[in-house]
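# Examination of the molecular architecture
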Amino acid sequence: MNILTSHSPEARSSSTCLELENVTIRYGRQEAVRNVNMRIPSGKVTAFIGPSGCGKSTVLRSINRLNDLIPGCTLAGRVIFQGHDLYSSQIDPVQVRRRIGMVFQKPNPFPKSIYENIAYGARINGFRGDMDALVEGSLRQAAVWEECKDKLAENGLSLSGGQQQRLCIARAISIAPEVILMDEPCSALDPISTGKIEDLVRSMRGQFTVVIVTHNLQQAYRISDLAGFFNVIPSSDGFSKVGVMEEFGDTSQIFNAPRQDTTRDYVAGRFG
Amino acid sequence: MQSPSNVHSKDDLSVHASRADFDSAPLEYNLLLKHNREGIIYTLLAGLFASSAILPLLLVLGYVIIKGGSLMNLALFTQLPSPPGLSGGGIANAILGTFVVTGIASLIAIPIGVGGGIYIAEYSSSGPFSVFVHYGSNVLAGVPSILCGVFVYLIVVSTRLLFGESFSAVAGGLALAVIMLPTIIKTTDEALKLVENDLRLAAMAVGASKVVTVLRVTLPAAFTPIATGALLGIARAAGETAPLIFTALFAFYWPEGLLRPIATMSVLVFNYSIMPYEAQNQLALAASFLLVMLILLANLLVHQLGRLARG
Amino acid sequence: MAESASPFTQRRRTWKDRALDHGFHWLSVVLASLVGVVLIAILVVVFGGSLEAMVAYGFNFLIRSSWDPINNQYGAFTAIYGTLVSSILALLIAVPLGVGSAVFITEAFLPFGIRKIIGGMVELLAAIPSVVLGLWAIFVMEPTLRPLLSDIHETLGWIPLFSTAPMGPGMAPAVLILVVMLLPIITCISRDTLDQVPVELRFAAYGVGSSRWQSIIKIILPAAISGIAGGVLLALGRAMGETMAVTMIIGNSTNFSFSLLAPGNTIASMLANQFGEADGLQVSALLYAALVLMVLTLLVNLLAEWVVRRLRLHYS
């Protein structure tokens, strides 16, 4: 297996936030992704791209240990966050998720009021400040304040899909995590909502480390600083398929001067 | 613990929260945190609750299987119950009776229930009649089983409707059928709704009429879930007692026909366990063992059927 | 549908074909309507039979506790009180236990395989005939519990609820056997409801840093509340109508007592005991009580449907 983890000078210059070392994830006995290695810098937007079934969402969920919720899912290798191996037995996954937030593919607000959607997370994280200000600030930053400032008591599910997703982003950033994971956050949304969320992601750069999975190549090109290309290849047993990361580097390099043929074919739209 | 997010968020005015406003804890698991301590207590409590839900099962099953199982002998299956006060005897007539009464109930409830289920799943639109059938089925399922016995007693037994006979195996079967009916309807309806609509459309596309589609295509496709549901319904009915005590009544002798009172295992358990005689109590225990075995067997069979259907 | 008028029909269907189609349709309509017919017939028969007692006693029947077949004086208060108290007390014990068990089974405290086994065992408990539970209650549970109940009477006897010495069958053992009966029902329904809580919502709860129990208590249980509440109400209906296990262990006394340690009565157990041998006004009085039971269970079941509908989680 040929794994390339190239790093541009720019990527190396900023401090490393997350590091994946030889990460292999299995569902039961079935390998989902094999031997992923990468170094995600702080304050940047990193995109995972690749055809469906290549395990990019699985890798993303492994970063905040959300795969723990899936029965039978196991991880080998190391995920290092600020010098801690997140999969060591001393680590509390709850604390991990408080520092590494997540936004999901399908908008999933709590079936509670809009206000409570933000306040719940803050409260369980021991927030000591002004709750109203936090709710307003988070909703403002997620560009959804204007649409829901008059109906904070209404159920979060009463919003439109795009608004729900921005509410979910507000919920994620409200607890001031260091990293925000986004799993195809626009795949269920119309183009206008998608544009708003892309603007939002760009504005988060510097303040948060963002890792975003997307199947939309233009989107990855527009918003990300770095990109990892995942591919799905036949497994060694010949019957099943397994995901691998083929290439990782600056977005401009991945799109304009890919080192791997498969990457070139993929970004040129020849498959996937 | 350092909080590195502050490094780049200090000068950004749109941010209202920084990590400093939140409880900061290291990534390592910390037993002293409130939610972790509470979690352990809750988990212990839930585990205790779960054991309390399982414990009675183990106690009842253990008691019936060990005590009742040790009573198994040939006489039980060949002899009639001994009169109160005398020892020995068997429960042969009650075993036979349970099969007869449950059989009658199945013969009545399964065709009606499957037909009703077909109507709900295949024909009914959202009209008032289908709502009526749907609600009726749910409400009937909630009617206490003793009331089904009272109903059949008043309609069939006290009026001597069946050829001038009063208590009878048929009356008992009717009462059990009323109890089985909602289960069979619900099972059939749910099973048919699981059949892929493409299958129906494919049958229609080659020119099959509705009746042919339902009988030849949809119903066979839903056979396994309907069969399992019916089997569980039958097993359940076999253990029902309340509807039988004043319809099938009880008998100390062999069945004399479908229009005469008949002994069943469930009524035998009731009658004989409240008697002050050891020998009769033992027969009740033996009948309980057989009833529980019957139900275990039905559940195992259903499990196997389900496994077969899944391939 | 005007299939035969369609220009695409190549051959007209024969009248036989269409007759068969119509015949089958109407057959299924008739079979389906039988459910409603039976339901209405039960109501009519029970109501008709109770008319005589209704005329004789009116609503006083519900609040008088004398049940005297010799002088033909009937009041069902003891049985109605017993029905409500036994089922509500049983529910108060069974709901926390059942919901707690369901949480333990669904929320990944145990390896998947063990969870499935426990779930299967609970389902099996739901299938044990109530007459067998009654037998176990008579032979094992009540004799085992009697010393404990005696202790309770001796220490807490000044409370009316424990004012009589336990003599064997009584309200307290009946409540406990009802708990055993209701536990698997509540556990199974709660488990099914919790299983249906979408995984996205679990992700959302854990994703903002909730611990497992914070997620369960604040997010997952509230999302499943409609199904659980519906299940609890269905269980209440079952408890009120439960006959055999209760009849065998409650003592079937028509004398009213506040004490849980004294023998008592429920409508269902009174029917089981007396209906076969009753005649005259007693039959009518029993049917009046049966009507009360029917109305109670009907109300509870309709409430269950309403609750499930009303509180359902609208999750896209």
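### Considerations on the confidence of the model for chain C
When pLDDT is averaged along chain C, the result is 87; 94% of the residues meet or exceed 70. Across the whole predicted complex the pTM is 0.86, and at the interface the ipTM reaches 0.87.

### As for the confidence of the model for chain A
Regions with low pLDDT carry predicted coordinates that are not meant to be interpreted in detail. Residues and elements named next belong to chain A. Confidence in the prediction of chain A, expressed as mean pLDDT, is 87, and 94% of residues score 70 or more. Looking over chain A, one finds the lowest element-wise mean pLDDT in helix α1 (residues 9-13), namely 44, and the highest in strand β8 (residues 209-213), namely 94. This model gives residues 1-13 a pLDDT under 50, and the stretch forms 23 contacts once residues within four places in sequence are excluded.

### Quick look at unusual backbone geometry
If you check the backbone angles, E184(A) has positive phi at about 45 degrees while not being a glycine. Mapped onto the elements, E184(A) comes out in the loop between β7 (179-183) and α8 (191-204). Of note in this structure, L249(B) is not a glycine but carries a positive phi near 60 degrees. Within the secondary structure, L249(B) is located in the loop between α10 (223-238) and α11 (265-273).

### Concerning the interface of chain B and chain C
Counting residues at the interface gives 68 residues for chain B, matched by 68 residues for chain C. With 19 residues, helix α2 (residues 34-69) of chain B is the largest single contributor of residues to the side of chain B that touches chain C. For the side of chain B that touches chain C, the class distribution of residues is 45 nonpolar, 20 polar and 3 charged.

### Here's the deal with the packing of helix α4 (residues 92-123) of chain B against α10(B)
All names here are of chain B. The N-to-C vectors of α4 and α10 enclose an angle of 140 degrees; their axes lie 10 Å apart at closest approach. Between α4 and α10, the interaxial angle falls into the category oblique. Pair α4 / α10 crosses with right-handed handedness. Residue-level contacts link T98, T102, A105, S106, I110 and V114 of α4 to I226, A230, I234, A237 and A238 of α10. Taken together, the residues of the contact of α4 with α10 break down into 8 nonpolar, 3 polar and no charged.

### Describing α11(B)
A large share of α11(B) lies buried, amounting to 8 of its 9 residues. Along α11(B), the positions that sit buried rather than exposed are M265(B), S266(B), V267(B), L268(B), V269(B), F270(B), Y272(B) and S273(B).

### Comments concerning the packing of α2(B) against helix α4 (residues 112-127) of chain C
It is at 9 Å that the axes of α2(B) and α4(C) come closest, and there the two elements cross at 50 degrees. With respect to each other, α2(B) and α4(C) are oriented oblique. Between α2(B) and α4(C) lies a crossing of left-handed hand. Here α2(B) contributes A50(B), A53(B), I54(B), P56(B) and L57(B) to the contact with α4(C), which in turn contributes I118(C), M121(C), V122(C), L124(C) and L125(C).

Quick notes on the rules
Residues numbered from 1 in each chain as written. Chains lettered and ligands numbered in written order. Predicted model: local features only at pLDDT ≥ 70, side-chain atom pairs only at ≥ 80, totals over all residues. pLDDT = per-residue confidence, 0-100. Helix = DSSP H or I, 4+ residues; strand = E, 2+ residues; numbered from the N terminus. Contact = placed C-beta atoms within 7 Å. Nonpolar A, V, L, I, M, F, W, Y, C, P; charged D, E, K, R; others polar. Axes fitted to C-alpha atoms, helices over the stretch in contact; angles between N-to-C directions. Parallel < 35°, antiparallel > 145°, perpendicular 65-115°, else oblique. Left-handed = near helix turned anticlockwise from the far one by under 90°. Buried ≥ 20, exposed ≤ 12 C-beta atoms within 10 Å, placed from the backbone.

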